[in-house]
Amino acid sequence: MSESSERAGGQPEEKRRGLGGAIGDLLAPVAGFGVTFSNMFRPTVTEQYPYVRHPTAPRYHGRHQLNRYPDGLEKCIGCELCAWACPADAIFVEGADNTPENQHSPGERYGAVYQINYLRCIFCGLCIEACPTRALTMGNDFELAGPTREGLIFTKEELLAPLTQGMLGVPHPMVEGTTDRDYYRGEVTGPTADQIAWVERERPEDPTLEGARQAAATKAVR
Amino acid sequence: MTTTQPAPTGQVVPLVEVTIDGVRTEVPKGTLVIRAAEDIGIAIPRFCDHPLLKPAGACRQCLVEVATPDREGTLRTMPKPQASCTLEVSPGMVVSTQLTSEVADKAQHGVMEFLLINHPLDCPICDKGGECPLQNQAMAHGRATTRFVDVKRTYPKPLAISTQILLDRERCILCQRCTRFSDEIAGDPFIELQMRGARQQIGTFDSGVLGFAGDAPVGAAELDDSGRPFASYFSGNTIQICPVGALTSAAYRFRARPFDLVSVPSIAEHDACGAAIRIDHRRGVVLRRLAGDDPAVNEEWISDKDRFAFRWQVAADRLVAPLVRDGEDGSGPLVETSWADALDVAATLLAQRRGSLAALPGGRGTLEDALAWSAFTRVVLGTNDVDFRSRAYGGAEEADHLAARVAGSGLDVTYADLDGADVLLAGLEPEEEAATIFLRLRKGVLAARTHVTVLGPYLTRGSAKLRATLLPAAPGTEAEVLEATDTFGASDGDRPRIVLVGERLAAAPGGLTAAAALAERTGARLAWVPRRAGDRAAVEAGLLPILLPGGRPVADESARAEVAAAWGVTPPAAPGRDLAGILDALRAGELAGVVVGGVELEDLPDPAAALAALEAVRAAGGVVVSLEVRRSAITELADVVLPVAPPAEKAGTFLTWEGRPRAFAAVFDTAALGDAAVLGLLAEEIGTPLPDASMPAWRGQRVAAARLDAPAPPEPGPGQAVLATWRLLLDAGRGQDDEPHLAGTARRAVALMAESTARGLGLQGAAEVTVRGPRGSVTLPLVLAGVVDGVVWLPFSPRERAGAAALGAQSGDIVEVTA
Amino acid sequence: MVGIEEKAPGFALGTIGDLVGLARKASMWPVTMGLACCAIEMMATGGARFDISRFGMEVFRASPRHADLMIVSGRLSQKMAPVVRQVYDQMSDPKWVISMGACASSGGMFNNYAIVQGCDHIVPVDIYLPGCPPRPEMLLHAILELHKQVQSTPLGLNREKAARAAEAAALAAVPTHAQKGLLA
């Protein structure tokens, strides 16, 4: 202490620091604790995840989703542009033929195999920008951790949006008299009676039939 | 890049000076403007132009502004832009491309706009999207937005013009590359332009589209005997040269996008032609194969078999782990085991029986594999009992022929020689057995540089496309006919003569001798064309009982000494047994085991007898070790099965029929080992490491080819005929497994005979005939054709139904024919 | 009285395994193992806002001897791989590994010669965490997943049984050289 005060005395600019000397050194920790102490009266910033979940930003890049048209057909046409755009090579798509018996999306082609490797994905969203039919979008879900590498390769079943009320499960034919372009323009607003009849004939047990019938009936009334 | 009209050899072509975009250049007279521009690095956009096809000027995308000097020498600009792909250069011509001329640029923009009017906007789902010249050039030379507001012309799509080729007429820009290829190169003009104006479209000769009655085309198209529309062995090339996605492959449809694929150059493994291919794969799976560009071999064309048949390499019956017999005594069923265990078991079994073992290495391996087999047989097994010829024919005469005239002869007759020669084909049907030879011959024939003479029982459609002269010969009489022939060809000796003998000529006793004699008589060069990719390499490696590597005769002491000096081990001195001898010795118990490499029982002269021989050797405590890619009939008879890699998973070198080495790299880096690696490991395990068996060609005395006199030709009795048969390009071969789309383009299986033969056999008006051989009978539709009298031709093993293979008879055997 | 479970009984029944699991998961100390940008998020997780001291793991130990959790946060370069392995080896058993972020888990977008294509090539990974980088909540989620795993880790004979089952499953799995698609 005496050494340091001697040195302080030898250097005049040090004196200008404040109270100076021994008293200054003595009070320095108090100032530090002051910061701590004053923070005790500030609001707590700790987020209580996982008990309290703060919503992410609305356009947060979370888990992907493969969307559907209102009648239940998939929007994905298996064009692989998402896979092409992907800088991390995390997407694997294989297209296949839509046949009258096995129509998954409007048009000629649908994505038969669709996988996203979440262990490569960097959530950059380039795939979303590349998608020509807006089939692929990103949600806000981020709880993706898992114990295996295989389990974090999400397949089409995991990525495909669930059928909402009124949608008809695929495969089923397109709305009669429409083209893929009509679908894209939003001119198809729900399953039609012919589509429902087709599914009734091919898969009488399909759980989405009831909802689709209701939706078609409501629309007919309107 | 090859020019469209190569200069006739020996003539000096005058040079013409032209100016393109201000650059003065001199090109040979007759050069097209678009090529002259290419030479100085100016790219003019084009769709219909292809360097190997005749100019068409169909797409008009290559419009340029051209000025030529008039009589006084003043430059006069042509009133309209000209198509540079059909315009030949003239002295003093001044060409302005889109780079320097606003007129040309505007014209090209206009053409592009017209081309896109009816082109659908389905690039995201089009198989061509990403490698599409139209897409690329629309980006480079097109407008950013469309001015077209009306409804586009649409067609139902896709239209399957064969099981393999799908046509999407909406996307077609009518460049006619496909029709020109089919007509000019393949000779199968089954697709053609139809209709007029806006409704003009490519199509097969469909009576509905053309609007004429009856089901036969009125055009000049030849219908093949299948009656199928686009039944061409080369149809896949139209997909590759289509500048838009109008022609696509059913097998590859929607499987991948080009920007996802990794391309590896490789060599086709289905025949001995060594066609360059490009293998496109993605994430461990081969998705398609395309023709490579090799002017010296296949130019830019490959057969559909080379293009579409590749899934056999990953078929469900592919062996992935070594198999050994379960149980203490080795009599149980085959079970999977580790490599260490399998090598240990195989080494023990083989080492115990050293000295009484033989090898049947098959003819599908690379040069490296063949050399390893050769060294393994001589050094480890200690024998000369080795024969690669796992096929129904080929005895001592063929072995002598190969030793005397083929082994170590290097590159003699080449593809380039075939273009500009009088060629005699004996025992060879190039369209079916060597497609690349067929295309090269046809190129020469169409240019009137080549003349083809075919020795065979009838003028096949393939030969007709070669405008060939037929030397009619019933099977078994080939030697006689060749001996009676003094000359062939149409040029009186101005052109070089070439005799191409196919491996099938060995089925006719004396045939090879007679062919060699004819070649000597006429001053022709002789070349041997095998069917399998590895046959020539097997000959070079000495996989014959009388031959060591490089064409060294086993019987020659100095040759053996050379081998001993190179290998450090003296090869056995006694000539070994050939295929038939090995099978006989196995049956008789003279041999205690055999190492088999990828041999199909069905290929052997008598599959039942071969099966019995292998069963006999195992029953007598012998050993069968098999090196295979996929499970086969031999697998079930083996004590140890060692899986080997298919061509996609190993690197190596195929030798073409010419003797040209065709090296290729592995497509995938898998755990599978090639034959050479497996044999090396096995030899190490036995304790005799394999030497590097490659040796330079032998310069010393060759085996003297035995002169074999032709035996009396077969004489069919009443109700009988002589069988003629060969393998078709597309048949039941295991190399074409899992390819349903390809199988649909195969030729229909029919029995062919002359009308007189049919009358003699009492078969007038019969729709089907039954042919009976020693082991069975087949019934096939009867088609009357110009076959030699007394001969019935059957396909060897078509996929859809049984062929000659089921008869137990060979070409030249007598079979019974009934209605 | 309805539902005894609503009342605290004053004592709890459970296996030793449960108790050991509880002890292990509630006092996990991570080793300081920041490799790249993910480490920033890892540090944020340790800060006031996300505060992993709520789970008893606020002390990032500088010595592997004191730690039982390694969070591999960031791309693992070939040069760093032996170091990471050595640090892992120096940790005392029982120890766990979280592979944080795309690069640590699979190489991420750095599919090149310099980067190990997944830190599971050198250390056994218990939890893989996607993200580039994962936000602190994602890391917390991964930690909680790990806690669940640790809580249910079997002991003694059960542990041997589980190990044997895992071995059998690994033998039955598709070997790496035969994997197709995204695993290739």
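All values derive from a computational prediction rather than experimental measurement.

Reading guide: rules and limits
Residues numbered from 1 in each chain as written. Chains lettered and ligands numbered in written order. Predicted model: local features only at pLDDT ≥ 70, side-chain atom pairs only at ≥ 80, totals over all residues. Heavy atoms only, no water. Pairing = 2+ DSSP bridges. Helix = DSSP H or I, 4+ residues; strand = E, 2+ residues; numbered from the N terminus. Contact = heavy atoms within 4.5 Å. Buried area = accessible area lost by both parts, 1.4 Å probe. Salt bridge = Lys/Arg side-chain N within 4 Å of Asp/Glu carboxyl O. Polar contact = N/O pair within 3.5 Å; in protein donor to acceptor, adjacent residues only side chain to side chain. Domains from an automatic or database assignment. Core = buried A, V, L, I, M, F, W, Y, C linked by side-chain atoms within 4.5 Å. Buried < 20%, exposed > 50% of the residue type's maximum accessible area, 1.4 Å probe, protein only. UniProt positions renumbered as here; feature names shortened; annotations may be inferred.

Engineer: Looking at this structure, how should I read the sheet that holds strand E5 (residues 153-154) of chain A?
Structural biologist: Strand-to-strand pairing in sheets goes through backbone hydrogen bonds, with the strands running parallel or antiparallel. Residues and elements named next belong to chain A. Strand order in this open sheet of three strands is E2-E3-E5, and the pairing throughout is antiparallel. The sheet terminates laterally at strand E2 (91-97) and E5, the two strands that pair on one side only. Strand direction decides the pairing type here: strand E3 (residues 109-117) and E5, joined by two bridges, are antiparallel. Its bridge partner lying in E5, Asn117 is registered against Ile153.

Engineer: In this structure, what is going on with the interface of chain A and chain B? I would like to understand it.
Structural biologist: Quoted interface sizes are often the accessible area lost when the parts come together. Taken together, the contact pairs 18 residues of chain A with 18 residues of chain B. Note on chain A versus chain B: buried area summed over both sides is about 1500 Å², and carbon and sulfur give 49% of it. It is A:Glu80, A:Glu108 and A:Arg109 that lose the most area in chain A upon contact with chain B, and together they represent 39% of the buried surface on that side. Across the contact surface, chain A and chain B share nine salt bridges. Across the pair B:Arg282 and A:Glu94 runs a salt bridge, and its minimum N-O distance is 3.6 Å. At the junction of chain A with chain B, the criterion picks out ten residue pairs in polar contact (both at pLDDT 80 or more). Of all the elements in the fold, those that place two or more residues in the side of chain A that touches chain B are helix H4 (81-85) and E2 of chain A. Sorting elements by how many residues they give to the side of chain A that touches chain B places E2(A) first, with seven residues.

Engineer: Can you walk me through the domain arrangement of chain B in this structure?
Structural biologist: All names here are of chain B. One can read the domain layout of chain B as domain 1 (16-115), domain 2 (149-314), domain 3 (323-391 + 536-686), domain 4 (399-530) and domain 5 (720-818). Each of domain 3 and domain 4 was reduced to a C-alpha centroid, and the two centroids are 32 Å apart. On the domain 4 side, the residues contacting the 15 residues of domain 3 number 22 residues. Of the roughly 1500 Å² buried between domain 3 and domain 4 on both sides combined, carbon and sulfur atoms contribute 65%. Taken as a group, Arg536, Trp657 and Glu658 account for 45% of the area that domain 3 buries against domain 4, more than any other trio of residues on that side. Summed over the shared surface of domain 3 and domain 4, the number is one salt bridge. A salt bridge links Arg391 to Glu503, with the nearest nitrogen and oxygen atoms 3.3 Å apart. Taken together, domain 3 and domain 4 are joined by seven residue pairs in polar contact (both at pLDDT 80 or more). Residue contributions to the side of domain 3 that touches domain 4 peak at three residues, all from helix H17 (residues 535-541).

Engineer: In this structure, what is going on with the nonpolar core? I would like to understand it.
Structural biologist: Here is a general trend for soluble globular proteins: nonpolar side chains tend to be buried in one another's company. Among the nonpolar cores identified, the biggest contains 98 residues, and B:Leu418, B:Leu425, B:Ile437, B:Leu500 and B:Trp657 are the most heavily contacted of them. For this core, the leading source of residues is helix H13 (residues 435-446) of chain B, giving six residues.

Engineer: For this particular structure, what's the right way to read the UniProt feature "binding site: [4Fe-4S] cluster" (unreviewed entry) in chain C?
Structural biologist: Residues and elements named next belong to chain C. UniProt's feature table lists "binding site: [4Fe-4S] cluster" (unreviewed entry) at Cys37, Cys38, Cys103 and Cys132, given in the numbering used throughout. On the basis of their most widely separated C-alpha atoms, the annotated residues across 96 residues gather in one place, lying no more than 10.1 Å apart. Here Cys37 is to be found in the loop between strand E1 (30-31) and helix H2 (38-46). You can call Cys37 exposed: its relative accessible area is 54%. Residue position: Cys38 is located in helix H2. Ignoring any residue separated from it by four or fewer positions in sequence, one finds Cys38 in contact with Ser73, Gly74, Met100, Gly101, Pro133 and Pro134.

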